[in-house]
Each structure stands twice: as structure tokens, then as C-alpha cells.
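# Understanding the architecture of this molecule
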Amino acid sequence: MTAYYLISGFGVSAERAFIMMAIMLVAVLFDRPSLSLRNVALSAIVILILSPSQVLGPSFQMSYAATLALVSGYTLWKRRPHRENMLSRFRFLGPLLFVARFFGGILSTSFIGGASTAIFSIEHFHRLATYGLPANLAAMPIVSFIVMPFGMAAMLMMPFGLDGPFWKVTGRDWSSSFWSPRRSPAGAAILRLDVSRRG
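Everything numeric here is computed off the predicted structure, so don't read it as measured data.

Along its length, the protein chain carries 7 helices and 2 strands. Helices and strands appear in the protein chain in the N-to-C order α-α-α-α-α-β-α-α-β. With 199 residues in all, the protein chain has 22% of them scored as buried. Of the contacts formed within the protein chain by residues at least 6 apart in sequence, a portion of 59% connects residues at least 24 apart. When the accessible surface of the protein chain is totalled, it reaches about 14300 Å², and 68% of it is carbon and sulfur.

Spelled out as C-alpha cells, the structure:
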């Protein structure tokens, strides 16, 4: 996490993730809940102390809006009444249930994150992504199983000068595998909104 923060350009979202990860590790050491709204609030306080002007920027607003929504959704999901899944009794359905949970998690987190940041995207950029859910469903398996593992391997191989092949895999234009501007539906990329203030 520290290596990623150092090479990421010190953006607000990276700073928030780094501080939250540090707070989570400290919480685990003291046997406290690691993922909670208190930790999100603490990271926001640290950022505001270091650079108060960030509160007016879209990066801070969108990053914390998405994080608050996701942590709140996760808290509600943990507190739900547990019910036994009848399908889990059949062992041959295990891989199908794993795939269903994986894509269900992507779908729910994409919806929560997109809905929580949409108002800020409209305000700051006058744009709204209309195909965010299917784009995440297509991209996250590639990011989870190809890009991130090869990126981690590249970081580990960097001191030995063997990181080149791994960076080629992570740096490939994977979007061309499932997306082409020539065959994209109308309005798939961005919906532009005219919300200019008058008067």
C-alpha cells in the first residue's frame, strides 16, 4: 500500500485509502472493528487538517461520498438476518455460487458507488456515466485476476530488473477486448447535462 501511494501521485483518493488502511491496521491491533464509519471520519479529519481546501474539490467529495456509501452498505449487509442458502447444500453448485456472489458483489458496489457520486459528477463535470454498471461488470474480472496480480508481481520483481514483462501485461489496453467505439451504442460513454447556472 505504501509503494502504491508513493507512485500514485499523492492524490486525495490515494491519500484517503492510505490513511484508512493505516487506521484499519491499528484497529486490528487493538481488536477493534477495522471497517467502520469512524475510520472514514478519522481519515477525513486528517486530510482536512493537512489541506483544508480539498473539501471543495471533486476528488475529495466523490471519494468520500463513495466510501461512506460503501461502508454504510457493508454495515447494513453484515447486520442482515442470516438465512441458510438451500443451494449451498449441493456441492456441485459451489463454483456457480462463487461466480454469482462475485458478480453480485460487483453489481451492488458499482450501483452504490455510482449512485452516491452521480450528483457530484453532474455538479463538477456536467456529465453522468450511463453504462457504469455493465462497464464495471466487464472490467472488474480483468482487473482482479490479471491486472492487479501482474502489477503486484512487477513490484516484487522490480529490484531484480525483471519487471518488464509484467508491466507489459498490466499496461495493455484491455478495454479493446470487450469495447470498441465503432460498435458502441449511442450514449454509452457519457451523457452530457446542461446544468449551467443562470441569473
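Having put the structure on the table, let's press on.
One can describe the packing of helix H2 (residues 12–29) onto helix H3 (residues 37–50) by two numbers: an axis separation of 9 Å at closest approach and a directional angle of 130°. Taken together, the axes of H2 and H3 are oblique relative to one another. For the pair H2 and H3, the crossing hand works out as right-handed. In this structure, H2 contributes Val12, Glu15, Arg16, Ile19, Met20, Ile23 and Met24 to the contact, and H3 contributes Asn39, Val40, Leu42, Ser43, Val46, Ile47 and Leu50. When its residues are assigned to classes, the contact of H2 with H3 shows 10 nonpolar, 2 polar and 2 charged.

Let us look at helix H6 (residues 132–157). Taking the largest bend as the criterion, H6 deviates by roughly 45°, centred on Val143. Buried within H6 are the following residues: Pro141, Ile142, Gly151 and Ala154. Summarising the contacts, the buried residues of H6 are in contact with helix H5 (94–125) and helix H7 (164–170).

Here the focus is the packing of H5 against H6. As a packed pair, H5 and H6 sit with axes 10 Å apart at the nearest point and diverge in direction by 125°. Here H5 is positioned oblique relative to H6, judged by the angle of their axes. The handedness of the crossing between H5 and H6 comes out as right-handed. Between H5 and H6, the contacting residues are Phe102, Phe103, Ile106, Leu107, Ser110 and Phe111 on the first element and Leu133, Asn136, Leu137, Met140, Pro141, Ser144 and Phe145 on the second. Each residue belonging to the contact of H5 with H6 can be placed in one class, and the counts come to 10 nonpolar, 3 polar and no charged.

What follows covers the nonpolar core. Within soluble globular proteins, side chains that are nonpolar generally end up buried alongside one another. The biggest cluster of nonpolar side chains holds 10 residues, and these are Val12, Ile19, Met20, Ile23, Val40, Ala44, Ile47, Phe60, Tyr64 and Val71. With 4 residues, H2 is the single largest residue contributor to this core. If near-sequence neighbours (up to four positions away) are discounted, Phe60 is found in contact with Val12, Ala44, Ile47, Leu48, Gln54 and Val55.

Taken as a whole, the largest pocket holds about 810 Å³ of empty space. Considering the residues around the largest pocket, the lining is formed by 22 residues, among which Tyr74, Trp77, Gly105, Ser108 and Thr109 are closest to the centre. Elements that contribute at least two residues to the lining of the largest pocket include exactly H2, helix H4 (58–78) and H5. Looking at side-chain class alone, the lining of the largest pocket contains 10 nonpolar, 8 polar and 4 charged residues.

The final tally for this structure, using the stated rule, is 4 aromatic pairs. Pairing Phe60 with Tyr64 gives two aromatic rings, centres 4.7 Å apart and planes at 40°, and the pair type is tilted. Taken together, the residues Phe60 and Tyr64, both in helix H4 and 4 residues apart, mark about one turn of the helix. You can call Phe60 buried: its relative accessible area is 8%. Overall, the relative accessible area of 5% leaves Tyr64 in the buried class. A centroid spacing of 6.0 Å and a plane angle of 45° characterise the contact between Phe150 and Phe166, whose relative ring orientation is tilted. With Phe150 in helix H6 and Phe166 in helix H7, the pair connects residues that are 16 residues apart, well separated along the chain. Residue Phe150 is classed as partly exposed on the basis of its relative accessible area of 31%. Through a chain of ring-to-ring contacts, the aromatic side chains of Phe102, Phe103 and Phe145 assemble into a single cluster.

Calculation criteria
- Along each chain, the written sequence defines residue order, and numbers are assigned to residues from 1.
- Whole-chain, interface and lining totals are the exception, using all residues; otherwise, since this is a predicted model, local features are given only for residues with pLDDT of at least 70 and side-chain atom pairs are given and counted only at 80 or more.
- Working from all heavy atoms in the structure, the side-chain values ignore hydrogens and water.
- A run of H or I in DSSP becomes a helix once it reaches four residues, and a run of E becomes a strand once it reaches two; helices and strands are each numbered from the N terminus.
- Each residue is placed in one exposure class: buried if its accessible area under a 1.4 Å probe, protein chains only, is under 20% of its type's maximum, exposed if it is over 50%, and partly exposed if it falls in between.
- When checking whether two residues touch, look at their non-hydrogen atoms; a contact exists if any pair is within 4.5 Å.
- A 1.4 Å probe and the Shrake-Rupley method give the accessible areas. Residues count as covered only by the protein chains that appear here.
- For helices, the fitted axis covers only the stretch in contact; all axes are lines through C-alpha atoms, and the angles between them, taken along N-to-C directions, range from 0 to 180 degrees.
- Angles below 35 degrees are treated as roughly parallel, those above 145 as roughly antiparallel, those between 65 and 115 as roughly perpendicular, and all remaining angles as oblique.
- By the definition used in this description, the sense in which the near helix is turned from the far one sets the handedness, with an anticlockwise turn below a right angle giving left-handed and a clockwise turn giving right-handed.
- All residues other than Ala, Val, Leu, Ile, Met, Phe, Trp, Tyr, Cys, Pro, Asp, Glu, Lys and Arg, Gly among them, are scored as polar; the first ten of these are nonpolar and the last four charged.
- Bending is quantified residue by residue as the angle between axes fitted to the seven-residue window ending at that residue and the seven-residue window starting at it.
- Buried residues of nine kinds, namely Ala, Val, Leu, Ile, Met, Phe, Trp, Tyr and Cys, make up a nonpolar core once their side-chain atoms join them within 4.5 Å.
- A cavity, in this analysis, means grid points on a 1 Å lattice covering only the protein atoms where a 1.4 Å probe fits yet has no way out; a pocket is instead an open set bounded by protein on both sides within 12 Å along at least five of seven lines, and a residue lines either one if it has an atom within 4 Å of a point.
- Grid points are joined across faces, edges and corners, and a volume is the space filled by probe spheres set on the points.
- The criterion for an aromatic pair is that two Phe, Tyr or Trp rings (for Trp, the six-membered ring) have centres within 6.5 Å, with stacked assigned to planes under 30 degrees apart, edge-to-face to planes over 60 apart and tilted to the rest.

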